[in-house]
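# Notes for the structure review
Listed below, chain by chain, are the residues.
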Amino acid sequence: MGKHMLKRIDLIFKNEHDTDAILQKIFKRSNEDLINDLIGSGLKGRGGAGFPTGLKWKLTSEAEGDEKYVICNADEGEPGTFKDREILSQVPHKVLTGMAACGRIIGAKKGFIYLRGEYNFLKPDLQKEIDNFHTTLKSLKSDFRIEIFSGSGAYICGEESSLMESMEGRRGEPRNKPPFPTEIGYLGKPTVINNVETLAHAWTIFKYGPKKFRDLGVQDSRGSKLFSVSGDTPVAGIYELELGMSLQDFVDDFGDGDTKAVQVGGAAGFCVPRKKFRETAIGYQGKLTGISLPTGGSMMLFNSSRSMYNVLKNYLEFFEEESCGQCTPCRVGCQQLLEGVEAVKRGDKPHHYLDKLMRLTETMKLTAKCGLGQSVANSFSSIVENFREEMIY
Amino acid sequence: MSKMVNLKINGIDVSVEAGTTILQAAEKLKIKIPVLCYHKDLCIAGNCRVCVVEVVGSRKLVAACATPVSEGLEIHTNSLMVRNARKDIIELLLSEHNADCTKCYRNGNCELQDLAAEYKITNQDFLDLAHGAYTIDDLSPSIIKDDSRCIRCQRCVRTCSEMQSVGALSVANKGSEMKISTFFDRPMREVVCTNCGQCVIHCPTGALIEKTYIERVWDAIADPNKHVVVQTAPAVRIGLGEELELDAGERVTGKMVSALKRLGFDSVLDTDFTADLTIMEEGTELLHRLKANLVEGDHSEPLPMTTSCSPGWVKFFEHTFPEMLDNMSTCKSPQQMFGSLAKTYYAKKIDVDPENIVSVSVMPCTAKKFEADRPEMRDSGYKDVDYVLTTRELAVMIMQAGIQFADLPDEKYDSIMGKSSGAAVIFGATGGVMEAALRTAYELVTGREVPFENLNIEPVRGLDGVREATVKIEDVLPDWKFLEGAELKCCVAHGLANARNVMEKVKNGEVDYHFIEIMACPGGCLGGGGQPIPTNDAIRQKRMKAIYDEDLSLAVRKSHENPEIVQIYKEFLGEPLGKQSHKLLHTEYFERQRY
Ligand code: SF4
Ligand code: SF4
Ligand code: SF4
Ligand code: SF4
Ligand code: FES
């Protein structure tokens with residue numbers, strides 16, 4: 001069970017412009033210390049998958065390679081989210097600092113910001129920021145350099161291995177794993193790839209120490225996180241909240257009084273109906289957290305005016321288009337799910353065809369090559385399970 | 001010695017080298033895991049997902065073809081979970097597929113069909129997504145692309161870009177629209193495609209097939225006014241058996257000839273004859289170029305000289321290295337030499353109006369269809385070669401005719417252009433042209449046989465992508481004084497990716513070869529795009545052995561000793577590179593666009 005109070009935090013956007021001091025502090029400490037801080041803080045990747053950040057850096061620092069890379073994933077493609085954009089325009093130095101620290105720790109000389117094509121307008125300011133940052137680095141005798149790479153704008157390029165494929169000039173399609181980027185990443189070299197928010201949190205941890213971060217949140221889900229709140233809410237926007245809150249608390253604060261469901265984690269996430277608000281917490285799945293839903297940050301509220309059939313159809317249309325198309329379960333599965341629910345709605349297929357589709361989502365979850373195809377199952381099964389009548393009548 | 005890893009598959013212990021995939025480990029235990037996007041020749045894609053297996057302790061299934069083993073792994077290849085998932089995947093593929101097998105060229109030899117049969121896919125549960133909004137591209141003279149039969153395994157894409165470095169095929173669009181496409185979706189005949197057909201033999205389904213001319217050949221045979229002659233390439237006789245239920249690597253020359261006669265061809269002749277002729281012309285051209293360059297300082301026909309008998313290679317060269325076109329031998333390929341002689345020399349000999357001759361060839365190659373269509377290939381005054389059939393198409397005709405191939409007696413080729421030497425036979429393997437040319441050129445220059453045991457020039461044989469050989473020339477005949485002590489540097493490359501590498505080096509002056517043999521297909525014609533499916537390295541090996549065995553079995557093993565060759569020069573052609581030869585046996589090349 002989550003806590004019964006929703007704590008708003010102000011760490012990420014708090015304007016603290018002491019880059020030089022923090023960098024100096026970081027560069028004075030040993031790599032081991034820094035990694036221990038990260039691990040001790042409990043920070044997990046804020047992209048949604050939730051891999052422990054400290055461990056990722058540690059693995060990459062131990063991996064063998066003459067060259068290594070740090071990539072900041074700024075390919076924010078989830079519909080309705082723009083928190084990374086805000087971070088990059090308001091507090092870019094925090095992200096750059098996170099990258100430089102990572103570079104020092106793993107032994108990389110080069111970092112990239114993979115910037116979503118739609119965010120190209122950020123480039124001039126960001127470049128200025130990077131130039132200044134390089135000067136600071138030079139004074140610290142660091143030759144770490146950061147470059148901006150403009151992405152081509154496919155949703156799948158947010159997936160780390162597709163992102164690297166696209167950086168290497170190929171079509172953005174997920175790679176087979178293992179090997180993981182920590183061993184064989186960009187150009188075949190060990191690579192840390194973190195999203196924008198994760199790197200900004202690393203800054204907080206290096207500045208305030210692991211305890212301040214760890215004290216936020218609950219077991220297995222430490223720290224704060226940015227949420228993009230949208231849908232039927234009077235207060236849409238970006239909020240930094242403590243992890244582990246219950247969905248009921250969230251709806252109390254952000255709903256419009258008539259919330260019937262919340263989609264946690266966007267199209268790839270789970271839809272929670274009103275009757276489960278209380279027992280559902282927002283955070284990473286863990287042994288001690290009960291029903292806990294991970295999220296990249298997107299929270300979408302639906303009130304009783306919404307047709308959940310349309311909601312699901314929108315998601316499926318999105319996936320049917322954004323699947324990279326390379327693997328069978330995802331490419332064909334998405335089409336079958338979409339056309340399948342349409343057929344049931346029209347009456348061309350019997351109600352129990354929905355069960356067949358539910359089984360199909362199982363297969364997709366088990367066999368799809370990457371997280372995209374695997375997670376289509378989430379929104380599908382949670383919506384069909386909880387709003388079955390709306391799918392049929 | 002690399003590290004060994006222990007694991008369990010279906011309860012059986014196995015120990016394999018680190019880096020092995022689950023698929024390979026299972027193979028070692030003779031446990032079959034179905035595959036579709038996987039092909040032994042190609043890099044791993046892991047995208048069809050039919051090879052999924054269960055790893056104990058993992059929440060997801062993993063692709064056996066793409067997952068390396070690790071210590072202590074416990075795998076189930078046949079659990080309920082695995083079977084259900086696989087069945088779903090096959091059904092999904094079929095739901096997107098124009099699965100009208102009875103109207104499909106690959107009916108009976110299709111990996112998707114086999115899987116559907118194995119898993120007994122009989123239900124019609126999923127919705128039919130094959131909306132029929134596909135166009136079939138059949139404008140190329142060699143290859144038909146039918147997207148409605150495509151399962152998006154990307155084997156063709158990997159073949160074309162990795163093995164051939166052509167990149168004519170690529171993946172376009174995403175999601176449900178994802179498909180295999182060409183530059184701006186232009187028809188295959190308008191892009192850099194070399195027609196090599198490697199994508200065809202690597203495609204598991206009927207999405208890429210050769211353009212077939214079977215019906216036209218049947219029509220010609222049935223026409224009493226036509227004299228239909230057929231020529232068969234060196235590599236057909238060692239591949240054909242595989243299509244007709246014999247083992248890979250069985251030599252079926254005699255049966256093939258007898259089958260062709262029973263099909264009703266008026267004359268069954270041998271492309272090997274013109275392979276010998278190619279050696280005469282190309283060997284002489286090489287010596288001529290050496291003389292011009294080394295003695296006279298005339299670089300208008302530069303060195304190194306590259307072979308020109310592989311039409312896929314020729315077209316690749318025209319697209320890729322237009323500035324070096326003069327390096328290509330001007331000799332036509334044996335097929336086209338045969339074509340122009342069939343409607344001149346041969347027609348005269350048998351006293352038939354060339355107008356009424358239909359010249360058919362059976363080739364291990366799809367690019368030969370394109371080559372026969374080149375506008376320059378009309379030196380006889382007619383289309384030199386009317387129809388080109390692949391090894392596979394000939395097998396189809398034999399089956400259609402109800403011929404029991406395995407029981408056929410051996411028969412001999414007809415005469416006039418039916419005799420050949422062992423040198424011609426080895427044209428079917430990479431390095432063969434080089435070896436054959438050296439056998440003749442060396443003897444021409446020194447009066448002695450090439451100094452290799454049994455005439456077998458081993459350094460140019462084998463399946464390595466690029467091979468080199470140096471032949472030292474000593475004690476030459478007086479006419480060839482300028483070659484005394486020279487070292488003839490030769491290079492053999494097969495597969496267009498290897499060809500590109502070699503030619504880049506030539507272009508940058510990093511190597512100083514005199515003579516380069518290039519075959520577009522891996523293994524040369526024996527692995528050609530028109531050969532039986534499947535083709536992989538193990539099968540190539542067997543076909544290669546068959547070819548070298550055939551060479552050894554022949555009495556005449558040097559082109560210039562073929563009596564019919566001696567005769568044609570005496571009666572008709574005059575001498576190699578002479579006026580008549582030039583008109584009928586040589587050609588020219590053109591720069592082509594690069595998309
Ligand atoms: S799951 Fe979807 S997005 Fe991922 S590899 Fe497969 S087709 Fe591409
Ligand atoms: S490609 Fe295979 S499965 Fe498809 S129609 Fe042809 S034979 Fe049948
Ligand atoms: S025929 Fe050869 S060149 Fe043409 S698409 Fe196929 S593999 Fe590529
Ligand atoms: S054309 Fe053939 S090889 Fe290429 S993707 Fe389609 S099915 Fe696979
Ligand atoms: S054969 Fe393994 S994924 Fe296709």
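About the cut-offs
Residues numbered from 1 in each chain as written. Chains lettered and ligands numbered in written order. Predicted model: local features only at pLDDT ≥ 70, side-chain atom pairs only at ≥ 80, totals over all residues. Heavy atoms only, no water. UniProt positions renumbered as here; feature names shortened; annotations may be inferred. Helix = DSSP H or I, 4+ residues; strand = E, 2+ residues; numbered from the N terminus. Rg over C-alpha atoms; globule rule 2.2 N^0.38 Å. Buried < 20%, exposed > 50% of the residue type's maximum accessible area, 1.4 Å probe, protein only. Contact = heavy atoms within 4.5 Å. Polar contact = N/O pair within 3.5 Å; in protein donor to acceptor, adjacent residues only side chain to side chain. Near = heavy atom within 4 Å. Nonpolar A, V, L, I, M, F, W, Y, C, P; charged D, E, K, R; others polar. Salt bridge = Lys/Arg side-chain N within 4 Å of Asp/Glu carboxyl O. Buried area = accessible area lost by both parts, 1.4 Å probe. Phe/Tyr/Trp six-rings, centres within 6.5 Å; stacked < 30°, edge-to-face > 60°. Lys NZ or Arg CZ within 6 Å of the ring centre and 35° of its normal. Domains from an automatic or database assignment. Pairing = 2+ DSSP bridges. Axes fitted to C-alpha atoms, helices over the stretch in contact; angles between N-to-C directions. Patch = residues over 30% accessible without salt bridge, like charges linked within 9 Å, V, L, I, M, F, W, Y side chains within 5 Å. Areas by Shrake-Rupley, 256 points an atom, 1.4 Å probe, with all protein chains shown as cover. Lys, Arg positive; Asp, Glu negative; His and termini not counted. Charge placed at Lys NZ, Arg CZ, Asp CG, Glu CD. Expected span 1.5 Å × (residues − 1).

- Chain B carries the name NADP-reducing hydrogenase subunit HndC in an unreviewed UniProt entry, which gives Salinivirga cyanobacteriivorans as its organism.
- According to the UniProt record, the Sequence similarities (unreviewed entry) comment for chain B reads "Belongs to the complex I 75 kDa subunit family."

- With an unreviewed UniProt entry as reference, chain A is termed NAD-reducing hydrogenase HoxS subunit alpha, source organism Salinivirga cyanobacteriivorans.
- The UniProt entry for chain A carries the following text under Sequence similarities (unreviewed entry): "Belongs to the complex I 51 kDa subunit family."

## Section: the overall build of chain A
- Across its full length, chain A carries 15 helices and 13 strands.
- Here chain A has a C-alpha radius of gyration of 21 Å; the compact-globule value for 393 residues is 21 Å, and the two agree.
- Its C-alpha atoms put chain A at 70 × 45 × 40 Å along the principal axes.
- Out of the 393 residues in chain A, the part that is buried amounts to 63%.

## Description of the environment of threonine 67 of chain B
- Here threonine 67 of chain B lies in the loop between β4 (61-63) and β5 (74-76).
- Separated by 46 residues in sequence, threonine 67 of chain B and threonine 21 of chain B have C-alpha atoms that sit 5.4 Å apart.
- Aside from chain neighbours lying at most four places away, what touches threonine 67 of chain B is Pro178 of chain A together with Thr20, Thr21, Ile22 and Val62 of chain B.
- Among the polar contacts listed, one links the side chain of threonine 67 of chain B to the backbone oxygen of alanine 63 of chain B, at a separation of 2.6 Å.

## Some remarks on the site of ligand 3
- Lining the immediate surroundings of ligand 3 are Ile143, Cys160, Val166, Ala168, Leu169, Met188, Cys193, Thr194, Asn195, Cys196, Gly197 and Cys199 of chain B.
- Split into classes, the residues belonging to the shell around ligand 3 amount to 9 nonpolar, 3 polar and no charged.

## Side note on the pattern of salt bridges
- Scanning the entire structure with this criterion turns up 76 salt bridges over all chains.
- Here the salt bridges do not stand alone but share partners, grouping Glu435, Arg439, Glu458, Arg461, Asp551 and Arg557 of chain B into one network.

## Concerning the interface of chain A and chain B
- Each partner contributes residues to the interface: chain A has 35 residues there, and chain B has 38 residues.
- Summing the contributions of chain A and of chain B, the shared interface buries around 2,900 Å²; its carbon and sulfur component is 55%.
- At the junction of chain A and chain B, the tally comes to 4 salt bridges.
- Across the salt bridge formed by lysine 356 of chain A and glutamate 91 of chain B, the nearest N and O atoms sit 3.6 Å from each other.
- For the interface between chain A and chain B, the tally reads 19 residue pairs in polar contact (both at pLDDT 80 or more).
- Elements supplying a minimum of two residues to the side of chain A that touches chain B: α11 (308-322), α12 (328-346) and α13 (353-367) of chain A.

## A look at the environment of methionine 434 of chain B
Residues and elements named next belong to chain B.
- Examined against the element boundaries, methionine 434 turns out to sit in helix α15 (residues 432-446).
- Note on methionine 434: relative accessible area 0%, which makes it buried.
- Sequence separation of methionine 434 and cysteine 150 is 284 residues, and the distance between their C-alpha atoms is 39 Å.
- In contact with methionine 434, not counting residues within four places along its chain, are Val460, Cys490, Cys491, Val492, Phe515, Ile516 and Glu517.

## As for the packing of aromatic side chains
- On inspection of all chains with the given rule, the structure shows 18 aromatic pairs over all chains.
- An angle of 40 degrees between the planes, with centres 6.1 Å apart, marks the rings of tyrosine 69 of chain A and phenylalanine 112 of chain A as tilted. Here phenylalanine 112 of chain A lies in strand β2 (residues 110-115) and tyrosine 69 of chain A lies in strand β1 (residues 69-74), a separation of 43 residues in the sequence.
- Owing to a relative accessible area of 8%, tyrosine 69 of chain A belongs among the buried residues under this scheme.
- Consider the rings of tryptophan 313 of chain B and phenylalanine 317 of chain B, whose centres lie 4.8 Å apart with planes at 65 degrees: the pair is edge-to-face. You can see tryptophan 313 of chain B and its partner phenylalanine 317 of chain B sitting in helix α10 (residues 311-320), 4 residues apart, about one turn around the helix.
- Classification of phenylalanine 317 of chain B by relative accessible area gives buried; the value is 0%.
- For the cation-ring pair, lysine 212 of chain A lies above tyrosine 208 of chain A, with the distance from its terminal atom to the ring centre recorded as 5.1 Å.

## A few points about the UniProt feature "domain: 4Fe-4S His(Cys)3-ligated-type" (unreviewed entry) in chain B
- UniProt annotation of "domain: 4Fe-4S His(Cys)3-ligated-type" (unreviewed entry) refers to residues 81-120 of chain B when read in the numbering used here.
- The distance from the first to the last C-alpha atom of residues 81-120 of chain B is 17 Å, and the span holds 57% helix and 0% strand.

## Re the domain arrangement of chain B
- For chain B, the assigned domains are domain 1 (4-78), domain 2 (105-110 + 122-210), domain 3 (214-273 + 336-407) and domain 4 (279-331 + 419-585).
- Taking only C-alpha atoms into account, the centre of domain 1 of chain B sits 45 Å from that of domain 3 of chain B.

## Some thoughts on the sheet that holds strand β16 (residues 466-472) of chain B
Residue and element names in this part refer to chain B.
- An order of β13-β18-β17-β16 is seen for the 4 strands of this open sheet, with the pairing classed as mixed. Looking along the sheet, the strands with just one partner apiece sit at the ends: β13 (305-306) and β16.
- By the bridge criterion, 5 bridges tie strand β17 (residues 487-494) to strand β18 (residues 515-519) in an arrangement that is parallel. Each bridged residue has a counterpart across the sheet, and for alanine 493 the counterpart in β18 is isoleucine 518.
- The strands that α15 touches are β16, β17 and β18; relative to β18, the one it contacts most, it runs at about 150 degrees.

## Section: a negative patch on the surface
- On the surface, Glu296, Asp298, Glu301 and Asp326 of chain B cluster together to form a negatively charged patch.
- Relative to the assigned elements, aspartate 326 of chain B resides in the loop between α10 and α11 (334-350).

## Overview of the sheet that holds strand β6 (residues 136-137) of chain B
All names here are of chain B.
- The 3 strands are arranged β6-β7-β10 in an open sheet whose pairing can be described as antiparallel. Whereas interior strands pair on both sides, the edge strands pair on one side only; in this sheet they are β6 and β10 (208-210).
- Bridge analysis of strand β7 (residues 143-146) against β10 gives 3 bridges, and the strand direction is antiparallel. From the neighbouring strand, lysine 145 faces β10, where its bridge partner is leucine 208.

## Notes on α12 of chain A
All names here are of chain A.
- Relative to the 27 Å expected for 19 residues at 1.5 Å per residue, α12 spans 26 Å between its end C-alpha atoms, a close match to the ideal helical length.
- Among the 19 residues in α12, 16 count as buried, and that is most of the element.
- Phi turns positive, to about 90 degrees, at glycine 347, one or two residues after α12.

## Examining a nonpolar patch on the surface
Residue and element names in this part refer to chain A.
- Taken together, the side chains of Phe51, Leu55 and Leu59 make up a nonpolar region of the molecular surface, amounting to roughly 230 Å² of accessible area.
- Within the secondary structure, leucine 59 is located in helix α3 (residues 53-62).
- A relative accessible area of 36% places leucine 59 in the partly exposed class.

## As for unusual backbone geometry
- Here lysine 177 of chain A and proline 178 of chain A are connected by a cis peptide whose omega angle stands at -5 degrees.
- Assignment of secondary structure puts proline 178 of chain A in the loop between α7 (160-167) and β4 (191-195).
- Cis geometry marks the peptide bond from isoleucine 533 of chain B to proline 534 of chain B, where omega comes out at 5 degrees.
- Position of proline 534 of chain B among the secondary structure elements: in the loop between β18 and α17 (537-553).
- Although it is not a glycine, serine 165 of chain B adopts a positive phi angle of roughly 50 degrees.
- Position of serine 165 of chain B among the secondary structure elements: in the loop between α4 (155-163) and β8 (170-172).
- Taking relative accessible area as the criterion, serine 165 of chain B reaches 15% and is therefore assigned buried.
- Although it is not a glycine, phenylalanine 184 of chain B adopts a positive phi angle of roughly 50 degrees.

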